[in-house]
Amino acid sequence: MITRRLFAALALTAALATACASNDGKDTAVRADGTVDLSQVTLHLGDQKGTGLQALLQAAGELKNVPYHISWSQYTSGPPMLEAVNSGAVDLGGVGNAPVVVAAAAHSALKIVTAYGVGLGGQDILVPQDSPIHAPADLRGKKIAVAKGTSANYHLLQVLTKNDLKLGDVQPQYLQPADALAALSTGRVDAWAIWDPYSAQAQQQTGARILADGIGYVGPDSYYVAGTAALGSKSKTAALHDLIARIGRAHAWVNAHPEGWAQTYAQNTGLPVAATTVAVKRGAYHDHPLDATAIAQEQQVADAFAAAGLIPNKISIADIADTRFNDLFPTTS
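Rules used throughout
- Every chain's residues receive numbers from 1 upward, in the order its sequence appears when written.
- Where local features are concerned, this predicted model is filtered to residues with pLDDT of at least 70; where side-chain atom pairs are given and counted, the filter is 80 or more; whole-chain, interface and lining totals use all residues.
- Note that water and hydrogens are dropped before the side-chain values are worked out from all heavy atoms of the structure.
- UniProt positions are given in the numbering used here, feature names are shortened, and annotations may be inferred rather than shown by experiment.
- Per the convention used, a helix needs a DSSP run of H or I reaching at least four residues, while a strand needs a run of E reaching at least two, with both numbered from the N terminus.
- Throughout, radius of gyration means the C-alpha value; the globule benchmark is 2.2 Å times the number of residues raised to the power 0.38.
- What sets the accessible areas is the Shrake-Rupley method with a 1.4 Å probe; for residues, cover comes only from the shown protein chains.
- Axis definition: a line fit to C-alpha positions, over the contact stretch in the case of helices; interaxial angles, taken between N-to-C directions, run 0 to 180 degrees.
- Any angle between 65 and 115 degrees counts as roughly perpendicular, while under 35 counts as roughly parallel, over 145 as roughly antiparallel, and the rest as oblique.
- Each crossing gets its hand from how the near helix is turned against the far one by less than a right angle, where anticlockwise is left-handed and clockwise is right-handed.
- What makes two residues a contact is simply this: any of their non-hydrogen atoms within 4.5 Å.
- Using a 1.4 Å probe on the protein chains alone, a residue whose accessible area is under 20% of its type maximum counts as buried, one over 50% counts as exposed, and one in between counts as partly exposed.
- For this quantity, the arc is that covered by the directions from the helix axis to the C-beta atoms.
- If DSSP finds at least two bridges between two strands, the strands pair.
- Each nonpolar core is a collection of buried residues, namely Ala, Val, Leu, Ile, Met, Phe, Trp, Tyr and Cys, held together in the definition by side-chain atoms within 4.5 Å.
- Salt bridge criterion: a side-chain nitrogen from Lys or Arg within 4 Å of a carboxyl oxygen from Asp or Glu.
- Centre distance within 6.5 Å is the pairing criterion for rings of Phe, Tyr and Trp, where only the six-membered ring of Trp is used; planes under 30 degrees apart are then read as stacked, over 60 as edge-to-face, and the remainder as tilted.
- In this analysis the charged atom, NZ for Lys or CZ for Arg, is taken to sit over a ring once it is within 6 Å of the ring centre and within 35 degrees of the ring normal.

As annotated in an unreviewed UniProt entry, the protein carries the name ABC transporter substrate-binding protein and comes from Nocardia albiluteola. The Sequence similarities (unreviewed entry) field of the UniProt record for the protein holds the comment "Belongs to the bacterial solute-binding protein SsuA/TauA family." Recorded under Subcellular location (unreviewed entry), the UniProt text for the protein is reproduced unchanged: "Periplasm".

Right under this line is the structure:
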């Protein structure tokens, strides 16, 4: 369970971030005529091994001629990244579906600003190759590694629920990906709920097999999330608009050049090319507006977490959706 202490800490950080934002003073990158001097803007971006945003933008050529400055911070998964967004240390980061819900339940100072699909083939529950577990129902009583508050946490919840199990029927082991891989490899856990490229890495290196992927259990969307302080700044919002357009073009480049991206992804993450190739081919990008359909899909995640007691209260995803960047993507039909 997400502890009360963690929610209290996140809520306090949100309050402090809001207070700091309100006392920011003049936006020095805004000229007297109201235009923005992007050369005076620095975006603080969060990245994680599972998303590889910096590597993606670099490979697609989208870090050339950027009119503002970028500083990067690396995180092991979505929840710690969103803590940094909440505190104002990071302006924008990409996460899966669940971290947004956990952060919103703690009243974090952030908004979802764009959504994109990445497929469901790499959202997996893995078991060792010779495991006697052959169906989700066999997970009863088993130790399952999962990173708390992540998309894998939601995937595990949905797999259990749709197979007449509850979280109380298994033994969740809350581990970050590197520790979870070691635990699965050495038999300290019976299964691992995880996402690509870690899933592909485990399959390639340990022979782990997929017990259940995301198809039929979860939606395909992931999100980019920005801090409310950044969104309240005219200059940073202008830079974010340019950045999100670059991300969309980078996604299109990856879809057209999967082999080239797999090579670059491997070089930047230290993962084997065989693993990144599998991951890339399982998850083509599909950028789309943050529309009613996307918001409703994420609301299902929030409702499921609330019903399972993984967050202390129900939340409205519409309240944390900022749709001002929808103009960057064609409308869905």
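Engineer: With reference to specific residues and values, describe the overall build of the protein.
Structural biologist: The helix and strand tally for the protein stands at twelve helices and eleven strands. Its C-alpha radius of gyration of 20 Å places the protein within 12% of the 20 Å reference for a compact globule of 333 residues. By its C-alpha atoms, the protein is 70 × 45 × 40 Å across when sized along the principal axes. Taken as a whole, the protein presents about 14,100 Å² of accessible surface, with 52% of it coming from carbon and sulfur.

Engineer: Give a description of the packing of helix α5 (residues 151–161) against helix α12 (residues 292–307) that names residues and reports values.
Structural biologist: For any two helices packed against each other, the geometry comes down to the angle between their axes and how far apart the axes lie. α12 packs onto α5 with a crossing angle of 70° between their chain directions and a minimal axis gap of 11 Å. Between α5 and α12, the angle is such that the two are roughly perpendicular. The element α5 and its partner α12 pack so that their crossing is left-handed. Contact residues: Asn153, Tyr154, Leu157 and Gln158 in α5; Gln300, Val301, Ala304 and Phe305 in α12.

Engineer: Give a detailed account of helix α6 (residues 177–185), specifying residues and quantitative values.
Structural biologist: Turning to α6, its buried residues are Pro177, Ala180, Leu181, Ala183 and Leu184. Along α6, the residues classed as buried sweep out an arc of 165° about the axis, all on the same side. Directly after α6, the chain includes Gly187, whose backbone phi takes a positive value near 80°.

Engineer: So what about the sheet that holds strand β7 (residues 171–174)? Which residues, and what values?
Structural biologist: Taken together, five strands build an open sheet; the order of strands is β7-β6-β8-β5-β9 and the sheet is mixed. Each having just a single partner strand, β7 and β9 (209–212) make up the two edges of the open sheet. Ignoring strand direction, the axes of neighbouring strands in this sheet form an average angle of 35°. As paired elements, strand β6 (residues 143–146) and strand β8 (residues 191–195) share two bridges and run parallel to each other. Counterpart to Ala145 in the pairing with β8 is Trp192.

Engineer: Lay out the nonpolar core with the relevant residues and their values.
Structural biologist: Of all hydrophobic cores here, the largest spans 68 residues; its most connected members are Trp192 and Phe305. If you look at the next biggest cluster of nonpolar residues, it comprises 33 residues, including Leu56, Val113, Ala230 and Phe329.

Engineer: Help me get a handle on the pattern of salt bridges, residues and values and all.
Structural biologist: The full count for this structure, using the stated rule, is nine salt bridges. With a shortest N-O distance of 2.9 Å, Glu62 and Arg249 are connected by a salt bridge. Of this pair, Glu62 sits in the loop between α2 (53–59) and β2 (69–75) while Arg249 sits in helix α9 (residues 234–256), and the two are 187 residues apart along the sequence. Judged by relative accessible area, Glu62 falls into the buried class, the value being 11%. Taking relative accessible area as the criterion, Arg249 reaches 43% and is therefore assigned partly exposed. Here Lys236 ties to Asp91 by a salt bridge, and the two come within 2.9 Å at their closest N and O atoms. In this pair, Lys236 is assigned in helix α9 and Asp91 in the loop between α3 (78–87) and β3 (92–95), connecting sequence segments 145 residues apart. In this pair, the class of Lys236 matches that of Asp91, namely buried.

Engineer: I'd like to hear about the packing of aromatic side chains, residue by residue, with values.
Structural biologist: The description of an aromatic ring pair uses the distance of the two centres, along with the angle that the planes make with each other. Counted by the stated rule, this structure contains five aromatic pairs. Seen in terms of ring centroids, Tyr154 and Phe305 are 6.2 Å apart; in terms of plane orientation they differ by 40°. Their pairing is tilted. A residue pair is termed long-range when its members are at least 10 positions apart, and Tyr154 in helix α5 and Phe305 in helix α12 qualify at 151 residues. What makes Tyr154 buried here is its relative accessible area of 4%. Judged by its relative accessible area of 1%, Phe305 falls in the buried class. By the ring-pair criterion, three or more aromatic residues cluster together here, those being Tyr116, Tyr224 and Tyr285. Cation over ring: Lys148 sits above Tyr174, and NZ or CZ is 4.7 Å from the ring centre.

Engineer: Hey, could you go over the side chain of Gln201 for me, with residue numbers and the actual values?
Structural biologist: With respect to the helices and strands, the residue Gln201 is situated in helix α7 (residues 198–206). In this structure, Gln201 is in contact with Leu181, Thr206, Leu271 and Ala275, ignoring residues within four places of it in sequence.

Engineer: Tell me about the environment of Trp253, and please be specific about residues and values.
Structural biologist: Within the secondary structure layout, Trp253 lies in helix α9. The exposure class of Trp253 is partly exposed, given its relative accessible area of 22%. Spatially, the C-alpha atoms of Trp253 and Trp72 are 22 Å apart, while their sequence positions differ by 181 residues.

Engineer: Tell me what's going on with the pairing of strand β5 (residues 123–127), and back it up with residues and numbers.
Structural biologist: Burial runs high along β5: five of the five residues are buried. Burial along β5 is two-sided: Gln123, Ile125 and Val127 facing one way and Asp124 and Leu126 facing the other are all buried. Two elements, β5 and β8, share four bridges in a ladder whose sense is antiparallel. What sits directly across from Ile125, in β8, is Ala193. As defined by bridge partners, β5 adjoins β9 across three bridges and the pair is classed as antiparallel. Note that in β9 the partner of Leu126 across the bridge is Ile210.

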